[in-house]
Amino acid sequence: MCNLLAVDGINHPDILSINAASTALALSDIPWNGPVGAVRVGLCDNNLVTNPTRRELSNSELNLVVVSAARNLVIMLEGSANNVLQQDVLKAIKFGVKECQHIINCINNLQKEFGKPKREFEIKNVDDTNGNLETVIDSLCEIKLREIFTNVDHHKISRDTAVKDVKTEVFENLKSNFDNLNLELCSVIFDKICKRIFRNLIFENDTRCDGRKLDELRNISCEVDLYKPLHGSALFQRGQTQVFCTVALDSIDSALKLDPMTILTSGINEKNFFLHYEFPPYATNDIGRMGPSMRREVGHGALAERGLRSVVPENFPFTIRLTSEVLESNGSSSMASICGGSLALLDAGVPISQPAAGVAIGLITNYDESDSTHIKDYRILTDILGIEDYLGDMDFKLAGTKKGITALQADIKIPGLPLKIVMEAIEAATSAKNKIINIMNTTIQSTRKQKKDNWPVTEILNIPVHKKGKLLGPGGINLKRILLETGAQISSNTENDGFTIFAPNQDALNEAKETVDKLMAEKSEPQLEFGAIYKAKVVEVREIGVMVTLYPNMQPTLVHNSQLDQRKVNHPSALGIEEGHEIQIKYFGRDPVSGIMRLSRKVLQGPSSSAPRSIGGNSTKST
């Protein structure tokens, strides 16, 4: 168990956790095939960086985690990229694997000096019939399984049903001929035979169970703008994998707020683009309770989001929520979410830099019986099915545009993958994603130019500083009223010290602007002359000064005690000033930051150079 004790906000804890766990297992008496080493690789100014700091990673074009075993075998790959070229990603993987070897050597040296002797263990042979039971089951089911796995008319459900029927038939046959039959052992042996036959057929024919060639894609269909009320929608289907993606645009204030640990390790406070991935039970013909997102949904959604994040503009004026709902699944639904998500973003008018697509690459390997570390033969499969993922040795997901790569994830199920196979898998994935993008382009190739009536709009409001209070109202009551009446949301804009108005459509924006104009309208507001002397009416006496007005309907402004008299004044009453009095003041314009009037009485206590001006109102007593 890896417990995070402290985070310095500079170095990422995930890489340290992998290496710490590898070291702990190496030093323990637990037998395993390690150690492994892990590094993060960044690409800063076209230079590869090992384990970049948080600041370096924020400026990096690549964020790639590489986990490797000895002899340069790849164990795991996980990363995102800013549309990085294929050759740069390949170079980064090689670089990361090389750096991992230094960590592995250090762990090995530590193990030699301080490690415990490994426990002795013996692999228990669950087949207590000396292989006779496996031979019998093989003879009963091999021909039928070969027929099932070579029948291209089968789809996912019919193929699974046919295999289950064979399994039931074999078990019934065994029950009638064997006493005290171990059904659990029979099930293990049957699954083992299924896997062997399925894999052997691919080696024998270079053809897959659905009739495709090794590098052939499934049939793909795309649709956009399916539901008019939505800002953007798309349906992407690849074989029996079908994903429905929708886009919702909201104000920038609706950005997803991140948790403190994520903020500390990534330096990102909020995201204005996020993807929610939903995998309901009916996607695999199951029934079950619909609850919160589980580990699988969160992981697949994060991968799909990384695949699209680099093509989404950073300065887009709206928050983008992309939802991917898997309607049917037979392999690679996360990559289908990237394809459908790209189409939905284009349909929603989001100016993405380039269309993006994703594909999953599989692997079938054949080892020497006497050597389980060296691969004798292998086949790379493009656009794998669910059964090819389950019975295969790798699920390598890669996403990107025609220019480069945006995300990748390698789930490797064998003790390690040589770099040669990794390079070939990336080549196959790159070729496949380019073909997929060409198919997607026949449906929608660029951002929708014609605006939909329901698209949200945003506009900057230029409000003078001294009128902000009038717009806000007491406790922000005016903004709340505008939101309730029109649906438009007004928020402060830190860039220009003004306000931004967000509305769900153009009509709502126009209505909100009319309300703002009414609030801002002032009746006969006079233009005051800088340096002029005016009569001001005291409307309130406070401890720190007096509140005065220069003309009717004016918002009262403060004349501070320090500006009332040449002498030090602790309270206005010391000068005989009371509410309702009129005093002469000099106008020095408005404060450039707060917009408050700058008024002074004490500067007039010397010889007056001009007569006071009266703007409005009747005087009662002048002080």
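Since the model is a prediction, treat every value here as computed from it, not as a measurement.

S.K.: Could you give an account of the domain arrangement of the chain, with specific residues and numbers?
M.R.: Domain annotation of the chain identifies domain 1 (13-114), domain 2 (132-205), domain 3 (220-443), domain 4 (457-521) and domain 5 (532-604). Using only C-alpha atoms to locate each centre, domain 2 and domain 3 end up separated by 33 Å. At the interface, 10 residues of domain 2 touch 17 residues of domain 3. In this assembly, domain 2 packs against domain 3 so that about 1200 Å² is buried in total across both faces, 64% of it on carbon and sulfur atoms. Contact with domain 3 buries area across many residues of domain 2, yet K156, R199 and F203 alone supply 50% of it, more than any other trio. With its nearest N and O atoms 2.8 Å apart, the salt bridge here joins R199 to D393. At the boundary of domain 2 and domain 3, one finds 5 residue pairs in polar contact (both at pLDDT 80 or more). Mapped by element, the contributors of at least two residues to the side of domain 2 that touches domain 3 are α5 (156-177) and α6 (183-205). Ranked by residue count, the leading element in the side of domain 2 that touches domain 3 is α6, at 5 residues.

S.K.: Kindly report on the layout of surface pockets, identifying the contributing residues and their values.
M.R.: Here the second largest pocket is characterised by a volume of approximately 720 Å³. Along the wall of the second largest pocket there are 25 residues; nearest its centre are K156, R159, D160, K164 and I387. Elements represented by at least two residues in the lining of the second largest pocket include exactly α5, α6 and α10 (386-391). Sorting elements by how many residues they give to the lining of the second largest pocket places α5 first, with 8 residues.

S.K.: Outline the packing of aromatic side chains, supporting the account with residue identities and numerical values.
M.R.: Per the stated rule, a full pass over the model turns up 6 aromatic pairs. On the basis of an interplanar angle of 75° and a centroid distance of 5.5 Å, the ring pair of Y227 and F244 is categorised as edge-to-face. You can see Y227 sitting in the loop between β5 (220-224) and β6 (232-238) and its partner F244 sitting in strand β7 (residues 241-250), a full 17 residues away along the chain. Note on Y227: relative accessible area 48%, which makes it partly exposed. Taken together, a centroid distance of 5.7 Å and an interplanar angle of 70° make the contact between F318 and F502 edge-to-face. Placement of F318 in the loop between α8 (295-309) and β11 (319-328) and of F502 in strand β18 (residues 498-503) is noted, with a sequence separation of 184 residues between them. The buried category is assigned to F502, whose relative accessible area is 8%. The rings of F316, F318 and F502 are connected pair by pair, giving a single aromatic cluster. Directly above the ring of F279 sits R296, whose terminal nitrogen or CZ lies 4.2 Å from the centroid.

S.K.: Tell me what's going on with the environment of N173, and back it up with residues and numbers.
M.R.: Looking at the element boundaries, N173 is found in helix α5. Residues N173 and I137, spaced 36 residues apart in sequence, show a C-alpha to C-alpha distance of 9.6 Å.

S.K.: Describe the UniProt feature "domain: S1 motif" (unreviewed entry) in the chain, and please don't skip the residues or the numbers.
M.R.: The positions UniProt marks with the feature "domain: S1 motif" (unreviewed entry) are residues 531-602. Secondary structure content for residues 531-602 is 0% helix and 43% strand, and the end C-alpha separation is 14 Å.

S.K.: So what's going on with the nonpolar core? Which residues, and what values?
M.R.: I93 and F396 are the most contacted members of the largest nonpolar core, which totals 85 residues. Take this core: its biggest share by element is 11 residues, from helix α11 (residues 419-441). Inspection of this core shows a minimum of three residues originating in each of domain 1 (13-114) and domain 3 (220-443). With residues up to four places along the chain from it excluded, the contact list for F396 reads L77, V359, A360, I361, L408, Q409, A410, V422, A425 and I426.

S.K.: I'd like a description of α5, backed by residues and values.
M.R.: A rise of 1.5 Å per residue sets the reference length of α5, with its 22 residues, at 32 Å; its end C-alpha atoms lie 32 Å apart and thus fit the reference within 8%. Within the span of α5, buried status applies to R159, A162, V163, V166, V170, F171 and L174. Contacts from the buried residues of α5 go to α4 (132-150), α6 and α10.

S.K.: So what about the sheet that holds β6? Which residues, and what values?
M.R.: Strand order across the open sheet formed by 5 strands is β5-β6-β7-β11-β10, with mixed pairing between neighbours. In the strand order of this sheet, the two ends are held by β5 and β10 (273-278), each with one partner. Taken pair by pair, the neighbouring strands of this sheet meet at an average axis angle of 15°, ignoring direction. Across 5 bridges, β5 lies against β6 in antiparallel orientation.

S.K.: Residue-level account of the packing of α4 against α5, with values.
M.R.: Where α4 meets α5, the closest approach of the two axes is 10 Å, and the angle between their N-to-C directions is 155°. Relative to α5, the element α4 lies roughly antiparallel. Two packed elements cross with a definite hand, and for α4 against α5 that hand is right-handed. Along the contact surface, α4 presents L133, V136, I137, L140, C141, K144, L145, I148 and F149, while α5 presents R159, A162, V163, V166, E169, V170, N173 and L174. Per-class residue counts for the contact of α4 with α5 are 13 nonpolar, 1 polar and 3 charged.

Basis of the calculations
Residues numbered from 1 in each chain as written. Predicted model: local features only at pLDDT ≥ 70, side-chain atom pairs only at ≥ 80, totals over all residues. Heavy atoms only, no water. Domains from an automatic or database assignment. Contact = heavy atoms within 4.5 Å. Buried area = accessible area lost by both parts, 1.4 Å probe. Salt bridge = Lys/Arg side-chain N within 4 Å of Asp/Glu carboxyl O. Polar contact = N/O pair within 3.5 Å; in protein donor to acceptor, adjacent residues only side chain to side chain. Helix = DSSP H or I, 4+ residues; strand = E, 2+ residues; numbered from the N terminus. 1 Å grid on protein atoms, 1.4 Å probe; cavity = no way out; pocket = protein on both sides within 12 Å on 5 of 7 lines; lining within 4 Å. Points joined across faces, edges and corners; volume = space filled by probe spheres on them. Phe/Tyr/Trp six-rings, centres within 6.5 Å; stacked < 30°, edge-to-face > 60°. Buried < 20%, exposed > 50% of the residue type's maximum accessible area, 1.4 Å probe, protein only. Lys NZ or Arg CZ within 6 Å of the ring centre and 35° of its normal. UniProt positions renumbered as here; feature names shortened; annotations may be inferred. Core = buried A, V, L, I, M, F, W, Y, C linked by side-chain atoms within 4.5 Å. Expected span 1.5 Å × (residues − 1). Pairing = 2+ DSSP bridges. Axes fitted to C-alpha atoms, helices over the stretch in contact; angles between N-to-C directions. Parallel < 35°, antiparallel > 145°, perpendicular 65-115°, else oblique. Left-handed = near helix turned anticlockwise from the far one by under 90°. Nonpolar A, V, L, I, M, F, W, Y, C, P; charged D, E, K, R; others polar.

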